[in-house]
Amino acid sequence: MTTITEVQTTQIYQVFIKATPEQIWDAITKPEFTERYFHGARHTITPDHYSSLGPDGSVWGDEDVFEFDPPRKLSHGWRSLYSDELDAEEASRVTWEIEPGDDGVSFLTVVHDRLEGAPKTAAKVSGSGWMGVLSGLKTLLETGESL
Amino acid sequence: MATATAQTTQVYRLYIKATPEAIWEAITTAEFTERYFYGVRIDTTAESRVTHAYDGSDTYGEDPIFEWDPPRKLSHGWHSKWNPELSAEEPSRVTWEIEPGEDGVSLLTVVHDQLEGAPKTAASVSGPGWMRVLSGLKTLLETGEPLG
């Protein structure tokens, strides 16, 4: 969710998913899930470290984890190592929050902020960038298939 | 969107594994809307958008159609007539755009704007408000079942 007039340095994306917080947490932190919806990247997120490997095994992300509170909140650094141009920008931050709801439907909020020093990254991930990822995550959890 | 007040132009996007025609039908036909739009039956034609009351006895009024271009673009007025406080505010505008993509996945963009005269409506629909609707629409089209 973002305005169309400018790329914001704090971006918020939200989606409701028919899945438990535990299932969503696994899908965010384990590579066998992320490769099916996150541009083919294999993410491994532990209390200490965020690692993202591209489909060819190259390092796409290698960042600190700021908060690791399964299955409710995860916050980690973000640099786009897959692109030389974006890689040169400053690190930003991505925070995932999962709220359980009625009928087994959870509410997922992703906040990508601290983008002041990364305008090209901000433009790259905005709008359909993050919503492409979250749409795929929802489809995978609800249907078992990739989007 | 970090501001405390809701924005007067709100943009929501979602990728859906469905054809533009299937999404168009789900947006404009009451049989579909009642399964994801807070249980409300909404019939949209080239002339008007009619929101039926829950008990079927009356309507929450008609909103005008500004653009009708199936299955790509629909723009209509918005007036929250089911709530007296919101109903007292000025009407706003909702525009749906559907872009076909590869592998049968379409990108749906909803823009709710012209909300300058409707701050309470803007707050009511923002964030989880619209995303509940769009999340339910996606679930219904991809699984055949309502979200919750």
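To keep things clear, this report deals only with the structure shown in the data block. (Residues numbered from 1 in each chain as written. Chains lettered and ligands numbered in written order. Predicted model: local features only at pLDDT ≥ 70, side-chain atom pairs only at ≥ 80, totals over all residues.)

1. Some points on the overall build of chain A
In terms of regular secondary structure, chain A is built from 5 helices and 7 strands. Counting helices and strands in the order they occur from the N terminus, chain A gives β-α-α-β-β-β-β-α-β-β-α-α. Taken against the 2.2 N^0.38 rule, which gives 15 Å for 147 residues, the C-alpha radius of gyration of chain A at 14 Å falls within 12% of a compact globule. C-alpha atoms of chain A, sized along the principal axes, occupy 45 × 35 × 30 Å. A burial count over chain A gives 39% of its 147 residues as buried. Within chain A, residue pairs in contact and separated by at least 24 positions form 48% of the contacts whose partners lie at least 6 positions apart. (Helix = DSSP H or I, 4+ residues; strand = E, 2+ residues; numbered from the N terminus. Rg over C-alpha atoms; globule rule 2.2 N^0.38 Å. Buried ≥ 20, exposed ≤ 12 C-beta atoms within 10 Å, placed from the backbone. Contact = placed C-beta atoms within 7 Å.)

2. Some words on the pairing of strand E5 (residues 73-78) of chain B
All names here are of chain B. As paired strands, strand E4 (residues 59-69) and E5 are joined by 4 bridges and run antiparallel to one another. Bridge assignment links Ile65 to a residue of E5, and that residue is His76. Connecting E4 to the next strand, E5, in antiparallel fashion are 3 residues. Across 6 bridges, E5 lies against strand E6 (residues 92-100) in antiparallel orientation. Bridging from a neighbouring strand, Trp78 pairs with Ser92 of E6. (Pairing = 2+ DSSP bridges.)

3. Notes on the sheet that holds E4(B)
Residue and element names in this part refer to chain B. The 7 strands lie next to each other as E1-E7-E6-E5-E4-E3-E2, forming an open sheet whose pairing is antiparallel. Where the open sheet ends on each side, the last strands, each with one partner, are strand E1 (10-17) and strand E2 (42-44). In this sheet, adjacent strand axes meet at a mean angle of 20° when their direction is disregarded. On top of the sheet, helix H1 (residues 20-28) reaches E1, E2, E5, E6 and strand E7 (105-113); it is set at about 155° to E6, its chief contact. Sheet contacts for helix H5 (residues 128-143): E1 and E7; angle to E1, the most-contacted strand, approximately 10°. (Axes fitted to C-alpha atoms, helices over the stretch in contact; angles between N-to-C directions.)

4. Some remarks on the sheet that holds strand E6 (residues 92-99) of chain A
Ordered in space as E1-E7-E6-E5-E4-E3-E2 (chain A), the 7 strands form an open sheet in which the pairing is antiparallel. The open sheet has two edge strands, strand E1 (11-18) and strand E2 (42-45) of chain A, and neither has a second partner. Adjacent strand axes in the sheet meet at a mean angle of 20°, parallel and antiparallel pairs treated alike. Taken together, the 4 bridges between strand E4 (residues 59-69) of chain A and strand E5 (residues 73-78) of chain A define a ladder with antiparallel strand orientation. When the sheet's bridge partners are listed, Val65(A) is paired in E5(A) with His76(A). The strands touched by helix H5 (residues 128-143) of chain A within the sheet are E1 and strand E7 (105-113) of chain A, with E1(A) carrying the most contacts at an inclination of about 10°. The sheet contacts of H5(B) involve E1 and E7 of chain A, and relative to E1(A) the element is tilted by about 45°.

5. Observations regarding the environment of Glu21(B)
By secondary structure assignment, the location of Glu21(B) is in helix H1. Counting along the chain gives 49 residues from Glu21(B) to Pro70(B), while the straight-line C-alpha distance between them is 7.6 Å.

6. Description of the environment of Ile45(A)
Residue and element names in this part refer to chain A. Relative to the elements of secondary structure, Ile45 occurs in strand E2. Between the C-alpha atoms of Ile45 and Asp64, which are 19 residues apart in sequence, the distance is 9.6 Å. The contacts of Ile45, once residues within four sequence positions are left out, are Thr29, Tyr50, Val65, Leu74 and His76.

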